[in-house]
Amino acid sequence: MLQPATTSAATTLEIASVLGIGAVAIFVGVMGLLVAALIRRRGQPANAALWVAGGGIAFPIVVLSALLAYSTARGLQLQRPSAEALIIEVSGVQWWWEVRYRDPLTGREIRSANEVRLPVGRAVTLGLTSADVIHSFWVPALGGKVDMVPGRVNQLGVEVAQPGVYRGVCAEFCGDQHAKMALHVVAVAPDEFDRWLTAQAAPAVAPGSSAAENGQRLFTELRCNACHSVRGITNGPRNAPDLTHVASRLYIGAGELPTQRDAFARWIADIQHIKPGARMPAYGHLDQESLMALAAFLDGLK
Amino acid sequence: MTQHASPDLQNSLPSSLPRPAGELAELERAWKPASGWRFFSRVNNTQIGVLYIATALIFFVLAGVLALIMRTQLAVPDNTLVSPQLYNQLFTMHGTVMMFLFAIPVVEAIAVYMLPNMLGARDMPFPRLGAYAYWAYAFGGTAFFMTIFFGVAPDGGWFMYPPLTSHYSAGLGADWYLLGIGFIEISAIAGAIELIIGVLFTRAPGMALGKMPIFAWAMLITALMIVFAFPAVIAGTTLLELERSLDWPFFIAERGGDPILWQHLFWFFGHPEVYIIFLPAAGLVTMMITTLARTPLVGYRAIVLALLATGFFGFAVWAHHMLTAGLGMLEMMLISAASFAVSVPAAIQIFSWLATLWQGRLRITGAALFLLGFFFIFVLGGLTGVMVAVLPFNWQVHDTYFIVAHLHYVLIGGMVFPVFAALYHWTPLLNGHVLSERLARWIFGLMFLGFNVAFFPMHISGLLGMPRRVYTYSAGLGLDGLNLVSTIGAFMLAAGVALFVFDALRTWFRAETENSNPWQASTLEWAGNEEYGVRSIPEIDSRDPLWTRASMVKEIEAGQHWLPGTTSGRRETLMTSPRAARPRHLLILTGDSWWPITAAAGTAGFFLLLTVKMVLPAFVCGVIAMVAIVVWLWETDPTPRTATVNAADNRPRLRVGGVGVQTHSWWAMVILVIVDATICASFAFAHVHVSLMSDVCPPSGSRLPSLWFDLVSIAGWIVAALAMEAARRWEIGRDSTLSRVGLCAVIAAALLSSLLAFAFNAWGHLDAGLEPKANAWSATIMTLVSFQGLHVIVVALMAAYLVGRLISGRLRPNARATLDNTVLFWQYTAVQGVLTIAAIQMLPRLIG
């Protein structure tokens, strides 16, 4: 939140600074009165009206009214969800994020996971919900958090001012691996975004090596496709992240490991040590060759 | 402000000297606590209060140890000391034990121990109820804490949000929480009843409301808050347990429920809860400041108004815990403004305290150090609270470590530090000794510095993006150093507490010595003895009786005030009028008894065995509890042996026991009915909430009962209420069999009418095909119907009990509390029946 990438976040940071300075000033003042009261020699009785009505009633009412006026005025300037915005849907799932775009050409749904890419300088509305328990979508650089409640769609309006990669976390306790449910928002130039979306709409890239072909075969044999979709090979299951273009994402495992071939192998073999309790079983019994084949296959899904 | 002595006190003291021989010995014999193994049958507030405080402090230390384990896990990033599953149990138990087994009990316990003495009363108005409340808490709390050792502790957070805690939490953890805190709920409500009745009706003569110690005001308002806040969590936890065990879908969106419904119910309790924790501490602070600054309080009336305002407006701001859940913008702005407003009463108190310190000169004792620590920490926490009330800022810092910092600043600053100050200040009441002033400086230093080192960095880690309730965090996010510092601070704080425990144990177990009022305090708790309070109940005429009347303590000890002995050979105190505290009648209090602890064990067994689904043993325990309660009740409402007694030589004779609305038990029943009505209102709120959320009401597949059933039902309840009115107006005391049979017939008629009313209502719902599992609308209706059914069972039992009293000749014109209280509850049941039936029928028609 200290490095805002949207006007909403920048406004909030300004409000936070005002609040912080005000709080410190009042704190120092009250502590000063306390010290003065302690060292004062006994004198005349205290003027109850001055202390109580002045300090206890008038002073806070004046300050709080000013604060209310200021914060309401600035707060109304925060980004609001708008009907003309680009809509991206995000669902919280224990313990990852399903992200859904619409293909502008065909209107079909494009499913991805754990990374939200959006165009700089354009209004975006995130439609937030949950597939299971209550989660909360929070990318501090973009603005405040919004809870993801099953049965409801809450909306968050975002307009990113500059390109960059922004980390977010789940901010509502959602079970065993709440601590390791991170995501990344990648803001890119609008034309780059359009190209990216077109690529995402396409089915999976064909395997480019014999190892990767092996990996694709193993993907089905080992029943990875019972949970994971790879469009063009297995299109259906939704209870795990969609892997069609997994290698185009910056991280795997909900922000856990930077995407690279070795990371895939590690994740598949050892997930229950990295993220104990995650819904995917560990495949530690697999031999090294099979693991590397699967890793090659997944790393090719750009 | 000059304080005039009352004309009575000017002319003559209530009792003349010399006192009769043997009078003091008689008094001491009546109040002598049971010894040896009979220790467990003690009921006097002094003995129960000490146990209560000690138990609460033990839970404080235990929950603190859980926090130390958590902080050790968080000291370094990516730590593997503690598994995620265990960590989630640790933070859930830390929060739950601190809030339910320490924070509320410790302030109630201090009130149980000290408030009667401050008021000049000798005990709480219902001693056995207080004992029952304590033992239920002790048994239930201990069993609940043990769950962590068996790995079955709840792990959904102390706030237990569904759906995580309903269909996504297999295992018993959540059930332990839901049924486990049932005890605390009972304990708290029993305590609230005692406090309200005690503060309003058992004050020393002349202690008008405007002369009460501020702690009495604080506890009165706190108790009223408990009455209106706890029912919401009772209702919420009931609904969650029904969803878990019977699959009634209150919080399941796909079947018409709403997870946000839980949040409304929980936080409607949860926010007043923190004021329930803070107001008593604020009351204690006021009393200590005036004593240690050696000056009367500046702004007494302002503080009373501030306490009232906090208590009232504290109920308006619950939704500021839900500002990211998707509420409407207008609602959120109102909540934000209300949250600002509720800080004004806090400011009034702070400036009154500052003015009092300014006017006087604070003597630096161990207690004073903790009061200064309170000022620093609580004001800082209050200011971050105002920050968090600003919507955009809230949306960033909600559910981060910034809030962890805020809540610990206000709770540890606002309650723990005042409680430690109170332990230092009032230890002489326990056995005449004082805690070590030298060690106090070390303990305070460790605790104050340790606290700030632990919790201040959390403001920063929250702003840097660290969310709450995480078992670990990644390296390289800037959080490493801050967390390590916090952990070091936590251990410093723990060291301070450990040093305090050492000093406390060696001081509190020393042999009794004379209490010399070492701080020269002004209020009545310093004028009593360690066992039952004052030798004679003083007539007072000022807020600081021991300051304005130099001879007060001597007079009290010499037996020159009210009740210097015992008129009946039993334990006694005075019932006085609520506003001016004019003596009304003599209240005979019960002595030590085995029934409260037995009933508590039975209640504990019932809830705990039900949690592990051992249904038959659970019901056996329930029966034991009920038998114990009935036997205990049988001894109440006794026929006075004489109509009046001489409670003070130079004052008019005092009636023994009250009649009708003057009895303390009637008012207790009034409060119980208010609690009951608030529970019903909470269930009704759930029904309205899910009704408004569905597209059509009733939802497709469900329908309302046919109107005829409900009209017959309403008629039945009206007849029942009228029959009980006739019973209330019956002329008791005519010793004719015909009269007794007539009254029995009236009661039987009321019971029959009630049973028919309920039966028709239930039949109507069955006829309409009510299936609670189908959707939330049906589930909430079934809940309301079941709640009414529970009331029908209770009135049936009450009817049987009442007839028993009548037949055995225990119902008399001057011993008719049983009848009056039963009529009150029964008529409330009838009203509840009519209103819930009407509401269920009318709501879909109003929504349209």
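Parameters at a glance
- Numbers given for residues are sequential positions, taken from 1 along each chain in its written order.
- Chain labels run from A onward and ligand labels from 1 onward, assigned in the order the entries are written.
- A pLDDT threshold of at least 70 governs which residues receive local features in this predicted model, and a stricter bar of 80 or more applies before side-chain atom pairs are shown or counted, although totals over entire chains, interfaces and linings include all residues.
- As a rule here, side-chain values cover all heavy atoms of the structure and leave hydrogens and water aside.
- By the criteria applied, helices consist of DSSP H or I runs no shorter than four residues and strands consist of E runs no shorter than two, each listed in order from the N terminus.
- As defined in this context, the radius of gyration uses C-alpha atoms, and a globule is described by 2.2 Å times the residue total to the power 0.38.
- Each residue's exposure class comes from its accessible area (1.4 Å probe, protein chains only) as a fraction of the maximum for that residue type: buried when under 20%, exposed when over 50%, partly exposed otherwise.
- pLDDT expresses how confident the predictor is about each individual residue, on a scale running from 0 to 100.
- Any pair of residues with heavy atoms lying within 4.5 Å of one another is described as a contacting pair.
- When DSSP locates at least two bridges between a pair of strands, those strands are taken to pair.
- By the criterion applied in these results, polar contacts are pairs of N or O atoms within 3.5 Å in which, for protein atoms, one can donate a hydrogen and the other can accept it, and in which residues neighboring in sequence qualify only through two side-chain atoms.
- Buried area is understood as the total, over both parts, of accessible area removed when two parts are fitted together, assessed with a 1.4 Å probe.
- Whenever Lys or Arg places a side-chain nitrogen within 4 Å of a carboxyl oxygen from Asp or Glu, that contact is recorded as a salt bridge.
- An automatic or database domain assignment supplies the residue ranges for each domain.
- Note on geometry: axes are lines fitted to C-alpha atoms, helical ones only across the stretch in contact, with angles between N-to-C directions running from 0 to 180 degrees.
- Any angle from 65 to 115 degrees is called roughly perpendicular, while one under 35 is roughly parallel, one over 145 is roughly antiparallel, and all others are oblique.
- When the near helix sits turned anticlockwise from the far one by under a right angle, the crossing is termed left-handed; a clockwise turn instead gives a right-handed crossing.
- When residues are sorted by character, Ala, Val, Leu, Ile, Met, Phe, Trp, Tyr, Cys and Pro go into the nonpolar class, Asp, Glu, Lys and Arg into the charged class, and all the rest, Gly among them, into the polar class.

**As for the overall build of chain A**
Next, step 1: When its secondary structure is counted, chain A shows six helices and 12 strands.
Next, step 2: Relative to the globule expectation of 19 Å for 302 residues, the C-alpha radius of gyration of chain A, 26 Å, shows a markedly less compact shape.
Next, step 3: Dimensions of chain A, computed from C-alpha atoms along their principal axes, come out at roughly 95 × 45 × 30 Å.
Next, step 4: Evaluated residue by residue, chain A yields a buried proportion of 53% over its 302 residues.

**Things to note about the confidence of the model for chain B**
Residue and element names in this part refer to chain B.
Next, step 1: In the predicted model, chain B carries a mean pLDDT of 95, and the fraction of residues at 70 or more is 99%.
Next, step 2: A low-confidence stretch, residues 1–5 stays under pLDDT 50, and its non-local contacts, those more than four residues away or across chains, total seven contacts.
Next, step 3: Overall fold confidence for the complex sits at a pTM of 0.96, while the interface term, ipTM, reaches 0.97.

**Notes on the pairing of strand S8 (residues 154–158) of chain A**
Residue and element names in this part refer to chain A.
Next, step 1: Most of S8 is tucked away, with four of its five residues classed as buried.
Next, step 2: Pairing analysis gives five bridges linking strand S5 (residues 124–130) to S8, with the strands arranged antiparallel. Residue pairing in the sheet places Val124 in a bridge with Val158 of S8.

**Overview of the side chain of Asn515 of chain B**
Residues and elements named next belong to chain B.
Next, step 1: Here Asn515 shows up in the loop between helix H16 (480–508) and helix H17 (545–548).
Next, step 2: Within the structure, the side chain of Asn515 is placed 2.9 Å from the backbone nitrogen of Asn517, a separation counted as a polar contact.
Next, step 3: Those residues in contact with Asn515, other than ones at most four positions away along the chain, are Pro428, Leu429, Gly432, Trp526 and Glu530.

**Quick notes on the interface of chain B and chain A**
Next, step 1: On the chain A side, the residues contacting the 74 residues of chain B number 70 residues.
Next, step 2: Of the roughly 6200 Å² buried between chain B and chain A on both sides combined, carbon and sulfur atoms contribute 71%.
Next, step 3: In terms of surface lost to chain A, no three residues of chain B exceed Phe351, Trp358 and Gln396 of chain B, which account for 14% of the buried area on that side.
Next, step 4: The tally of links from chain B across to chain A stands at one salt bridge.
Next, step 5: The partner of Asp258 of chain B in a salt bridge is Arg152 of chain A, and the shortest N-O contact between them spans 2.8 Å.

**Side note on the domain arrangement of chain A**
Next, step 1: Domain parsing of chain A yields domain 1 (7–75), domain 2 (86–200) and domain 3 (210–299).
Next, step 2: The gap between the C-alpha centroids of domain 1 of chain A and domain 2 of chain A is 39 Å.

**Some details on the packing of helix H3 (residues 45–74) of chain B against helix H4 (residues 84–119) of chain B**
All names here are of chain B.
Next, step 1: Running from N to C, H3 and H4 cross one another at 155°; their axes reach a closest spacing of 8 Å. In terms of axis orientation, H3 runs roughly antiparallel to H4. Note that H3 runs across H4; the crossing there is left-handed.
Next, step 2: Taken together, the residues of the contact of H3 with H4 sort by class into 29 nonpolar, seven polar and one charged.

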